[in-house]
Amino acid sequence: MAFTGFTYVFLLMTIMGSPVGAQVVNWGRCFDFAVQRNFNTTAYLGIWYEIEKFPASFERGQKCIQATYELKDTGHIQVTNEGINIETGEATSIVGDAYAPDPNEPAKLKVKFFWWQPAGDYWVLHTNYDTYSIVYSCQDFLGIVRVEFAWILSRARTLDDRILAKLLSDLQSMGLDIGYFQPTDQTGCDEEKEKEHYLIFS
Ligand SMILES: *[C@@H]1O[C@H](CO)[C@@H](O)[C@H](O)[C@H]1NC(C)=O
């Protein structure tokens, strides 16, 4: 798709001026961060819980955010993102598709949730597969400004404070502004799910 200058300006206005906005927008190009070496997709599959995130309009007002990654026959990964609306208690979910366009860089994934959407980056910067993962996504517009997303994920709904502090300080030394991170509420989630179950089956 050929983006015209006008489209870019329009996109920028949408992103920066959107009332639900609160995206992280900064001057300059995206960082070319080093990603997880020898990334093992198989070991990465399964459920990850969101512990910290950069503000993102598509996750606004949600708690108990989690993602499930499953391998498809095509070799792509099915991504199921789930959350609970804080106001209404309603469960929400969305299914997307992820894959690594370059087999030599398996930690640099592309993900999309709607057919009309350009695929976004999902870079696994650092993971030990069974405790934590750091994910970075960035889109730059004409090399002038960039919109950034970052997530710290855990295999459990909590993450040890010392591990979290270490991950944050590593990110800070890489040059990421960790001041944007906001904790995700992962409390009372299983109770909410019970309630949901009860509503469906009662
Ligand atoms: C990748 O992870 C899977 C599942 O943990 C494991 O069985 C496999 O040996 C790993 N592959 C490599 C190359 O380490």
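The preceding data block contains the structure.
Residue positions are given per chain, counted from 1 along the sequence in the order it is written. Under the rules for a predicted model, residues below a pLDDT of 70 receive no local features and side-chain atom pairs below 80 are neither given nor counted, while totals for whole chains, interfaces and linings still include all residues. Heavy atoms from the whole structure form the basis of all side-chain values; hydrogens and water molecules are not counted.

1. Observations concerning the state of the cysteines
Whenever a pair of cysteine sulfur atoms sits within 2.5 Å, that pair is classed as a disulfide. On inspection of all chains with the given rule, the structure shows two disulfides. Residue Cys-30 pairs covalently with Cys-138 via a disulfide, S to S 2.1 Å. Disulfide Cys-30-Cys-138: torsion about the S-S bond near -85 degrees, hence left-handed. Taken together, the residues span a long stretch of sequence, with Cys-30 in the loop between β1 (24-27) and α2 (41-44) and Cys-138 in strand β8 (residues 132-141) at a distance of 108 residues. A relative accessible area of 9% places Cys-138 in the buried class. Sulfur-sulfur distance for the disulfide between Cys-64 and Cys-189 comes to 2.0 Å. Since a negative S-S torsion denotes a left-handed disulfide, the Cys-64-Cys-189 link at about -90 degrees is left-handed. Of this pair, Cys-64 sits in strand β3 (residues 62-71) while Cys-189 is found in helix α4 (residues 189-201), placing the two residues 125 residues apart along the sequence. In the chain, the cysteines engaged in disulfides, taken in order along the sequence, are linked 1-3, 2-4. Secondary structure is summarised from DSSP: a helix means a run of H or I of at least four residues, a strand means a run of E of at least two, and numbering begins at the N terminus for each. Think of it in three bands: residues with accessible area under 20% of the maximum for their type are buried, residues over 50% are exposed, and the middle band is partly exposed, with areas taken using a 1.4 Å probe on protein chains only.

2. Here's the deal with the environment of Leu-125
Tracing the sequence through the fold places Leu-125 in strand β7 (residues 120-127). Each C-alpha atom of the pair Leu-125 and Gln-36 lies 5.0 Å from the other, and the pair is 89 residues apart in sequence. Two residues form a contact once any of their heavy atoms are found within 4.5 Å. In this structure Leu-125 touches Phe-33, Ala-34, Val-35, Gln-36, Ile-134, Tyr-136, Leu-171 and Met-174, once residues within four positions along its chain are discounted.

3. What to know about the pattern of salt bridges
Criterion for a salt bridge: a side-chain nitrogen of Lys or Arg within 4 Å of a carboxyl oxygen of Asp or Glu. As enumerated under the stated definition, the model contains 10 salt bridges in all. Asp-140 is paired through a salt bridge with Arg-29; the nearest N and O atoms lie 4.0 Å apart. One end of the pair, Asp-140, is in strand β8; the other, Arg-29, is in the loop between β1 and α2, with 111 residues separating them in the sequence. Here Asp-121 ties to Lys-110 by a salt bridge, and the two come within 2.8 Å at their closest N and O atoms. Of this pair, Asp-121 sits in strand β7 while Lys-110 sits in strand β6 (residues 108-112); the two residues are 11 residues apart in sequence, bridging distant segments of the chain. Classification of Lys-110 by relative accessible area gives partly exposed; the value is 27%. One network of salt bridges, with partners in common, ties together Asp-32, Glu-105 and Lys-108.

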